[in-house]
Amino acid sequence: MAKILLTGGGTAGHVTANLALLGELREKHTIYYMGSKDGIEKELAEKAGLPYFGISTGKLRRYFSLRNLTDPFRVIGGFFQARKQIQAWKIDLVFSKGGFVAVPVIFAAASLGIPIICHESDFTPGLANKLTIPFTKKICCNFQETVSLLPKGKAVCTGAPIREELLQGSREEGLSLCSFSGEKPVLMVIGGSLGSVAINTAVRENIESLGQNYDIIHICGKKNEDKSLSDLAYYRQFPYVNEELADLYQAADFVISRAGANVIYEILALKKPNILIPLPKKASRGDQILNAESFSAQGFSVVLPQEELEENPAVLPDCLEKLHENKEKYIKAMEASKERDGRKNVLAVIQSVLDGKS
Ligand SMILES: CC(=O)N[C@H]1[C@@H](OP(=O)(O)OP(=O)(O)OC[C@H]2O[C@@H](n3ccc(=O)[nH]c3=O)[C@H](O)[C@@H]2O)O[C@H](CO)[C@@H](O)[C@@H]1O
């Protein structure tokens, strides 16, 4: 039995893949979580019943902020806090899902000679993972193409670890959660773990025309609900969902989503015809654009650039109509995809590092 420390956070995507591994990991090992003092990782890890330790962390901002000057000191503080706690917990292995909160944790583990595995879920490696690659034994990737962008021998394509329970929802439960009859097709809109103002706006601007043909589940992000639309029988808003997500996914016939690396693999595993609206370059390093392009090239998804949507919100119902007409083509492509069991593969990598074979 080993003591394994999970880390990663900032957004849910950097936590849910960790939680996907929990069931099996817990059967054999003792699991701990380390992240920021107040991030979403704290909420989700504690909800999963994990011992949690919060450290001071910085944030990677692509814009000017005075906090960019103080954050390096917070990260250094976080390094020493992490080091002390890793020693106290007597950790044998660190598994990181990335995000800037993981950086001091990995540096601390590396300074203690503890083996580290990280998981890169995006098409191109994020900065946090890039910074820590020299200290990792193995890098697990969602996309095959990512392997060639990383040091030879370290990177392995495992696929995405998906929470098992997400694949076991009930359509009836999902419909009943929304009070939908199931007579109309159901459209689910999910704007990433934080919600997306651009997607929310486009959906709401088209709400009447969308509502003529679909019942709509809208996961809109915390504090992004529009109370003025609460009375519409065909429209249900959720700020963030936990256990309910599995049932809502099952209820959905079509999905409109950001192109976060976790959510798209969940949509693929569930074979839902989908439109991806990736986070644009002005707000990110463009990772979601590449994720979405890869899915589109494989015939799984329709990509709708946010710029097009902002210019003309009416493209959304048009795009959905085309997806609807061609849904069989997309379902077929997803069914034919060579799916990897990300959970099983990542667990095998963890075990081989624990056994000293990697
Ligand atoms: C703004 C930002 O930095 N986005 C990044 C972040 O996205 P983000 O955190 O949004 O990541 P993903 O879309 O990859 O994952 C979101 C996860 O949250 C879950 N979920 C979402 C909503 C909800 O109500 N309940 C719930 O459980 C989804 O099922 C999924 O497992 O990490 C991804 C993975 O590195 C990157 O590809 C994204 O570019």
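Just so you know, these numbers come straight off a predicted model, no measurement behind them.

J.: Even after reading the chapter, I still don't get the site of the ligand, so can you show me in this structure?
T.: Taken together, 24 residues sit near the ligand, with Thr11, Asp122, Val241, Asn262 and Glu266 positioned nearest. At 3.0 Å, a backbone N or O of Ala261 approaches an oxygen atom of the ligand. In this structure, Glu266 approaches the ligand through a side-chain N or O atom, which is 2.6 Å from an oxygen atom. Within the complex, 90% of the 760 Å² of free accessible area of the ligand lies under protein. Here the element with the most residues in the shell around the ligand is helix H11 (residues 261-270); it accounts for four residues. Counting the residues that make up the shell around the ligand, at least three belong to each of domain 1 (3-160 + 340-354) and domain 2 (167-336).

J.: Honestly, the domain arrangement of the protein chain in this entry has me stumped. Any pointers?
T.: How big an interface is tends to be expressed through the accessible area that disappears when the partners come together. As far as domains go, the protein chain holds domain 1 (3-160 + 340-354) and domain 2 (167-336). Spacing between the C-alpha centres of domain 1 and domain 2 amounts to 28 Å. On the domain 2 side, the residues contacting the 22 residues of domain 1 number 17 residues. Summed over both partners, the interface of domain 1 with domain 2 buries about 1500 Å², with 49% contributed by carbon and sulfur atoms. Summed over the shared surface of domain 1 and domain 2, the result is three salt bridges. A salt bridge links Glu243 to Lys47; its shortest N-O distance comes to 2.8 Å. Counting only elements with at least two residues in the side of domain 1 that touches domain 2, the list comes to helix H1 (13-28) and helix H2 (40-47). With four residues, H2 is the single largest residue contributor to the side of domain 1 that touches domain 2. The residue makeup of the side of domain 1 that touches domain 2, split by class, is eight nonpolar, seven polar and seven charged.

J.: Just to check I follow, could you spell out helix H16 (residues 342-354) for this structure?
T.: Helical geometry: 3.6 residues make up each α-helical turn, so side chains three or four residues apart lie on a common side. Here H16 is 13 residues long and its end C-alpha atoms lie 18 Å apart, about the 18 Å a rise of 1.5 Å per residue gives. Among all positions of H16, only Gly342, Arg343, Val346, Leu347, Val349, Ile350, Ser352 and Val353 are buried. Considering only its buried residues, H16 is in contact with strand S1 (3-7), H1, strand S4 (93-96), strand S5 (116-120), strand S6 (138-141) and strand S7 (155-157).

J.: In this structure, what is going on with a nonpolar patch on the surface? I would like to understand it.
T.: Together, Phe73, Ile76 and Phe80 give the surface a local cluster of nonpolar side chains, amounting to about 370 Å² of exposed area. For Ile76, a relative accessible area of 47% gives the class partly exposed.

J.: How do you make sense of helix H4 (residues 102-111) when you look at a structure like this?
T.: Counting buried residues in H4 gives seven out of 10 residues, a clear majority hidden from the surface. Note on H4: the residue one or two positions beyond its end, Gly113, has a positive phi of about 75°.

J.: What should I look at first to understand unusual backbone geometry in this one?
T.: Among all residues except glycine, the phi angle is most often negative; among peptide bonds, the trans geometry is most common. For Ser179, which is not glycine, the phi dihedral falls at a positive 55°. If you trace the backbone, Ser179 turns up in the loop between helix H7 (171-178) and strand S8 (186-190). Among the residues examined, Ser179 registers a relative accessible area of 57% and is labelled exposed. Notably, Lys223 is not glycine yet its phi reads approximately 65°, a positive angle. Residue position: Lys223 is located in the loop between strand S9 (215-219) and strand S10 (235-238).

Parameters and conventions
Each chain has its residues counted from 1, running along the sequence as written. For a predicted model such as this one, the threshold for reporting local features is a pLDDT of at least 70, and the threshold for listing and counting side-chain atom pairs is 80 or more; totals across whole chains, interfaces and linings nevertheless cover every residue. Hydrogens are left out, water is left out, and the side-chain values use all remaining heavy atoms of the structure. Near is defined per residue: the residue qualifies when any heavy atom it owns lies within 4 Å of the molecule or strand. Any pair of N or O atoms that falls within 3.5 Å is considered a polar contact. Within protein, one atom must be able to donate a hydrogen and the other to accept it, and sequence-neighbouring residues count only if both atoms are side-chain atoms. The method behind every accessible area is Shrake-Rupley, applied with a 1.4 Å probe, and residues are considered shielded solely by the protein chains displayed. Secondary structure elements follow DSSP: runs of H or I of four or more residues count as helices, runs of E of two or more count as strands, with numbering from the N terminus. What fixes the domain bounds is an automatic or database domain assignment. Any two residues having at least one pair of non-hydrogen atoms within 4.5 Å are treated as being in contact. Computed with a 1.4 Å rolling probe, the buried area is the accessible surface lost when two parts are put together, summed over both parts. A pair is scored as a salt bridge if a Lys or Arg side-chain nitrogen falls within 4 Å of a carboxyl oxygen belonging to Asp or Glu. The residue classification treats Ala, Val, Leu, Ile, Met, Phe, Trp, Tyr, Cys and Pro as nonpolar and Asp, Glu, Lys and Arg as charged. All others, Gly included, are polar. To estimate how far a helix should reach, multiply one less than its number of residues by 1.5 Å. For the exposure calls, accessible area comes from a 1.4 Å probe over protein chains only, and a residue counts as buried if that area is under 20% of its type's maximum, exposed if over 50%, partly exposed in between. Residues enter patches when their relative accessible area tops 30% and they take part in no salt bridge; the joining distance is 9 Å for like charges and 5 Å for the nonpolar side chains Val, Leu, Ile, Met, Phe, Trp and Tyr.

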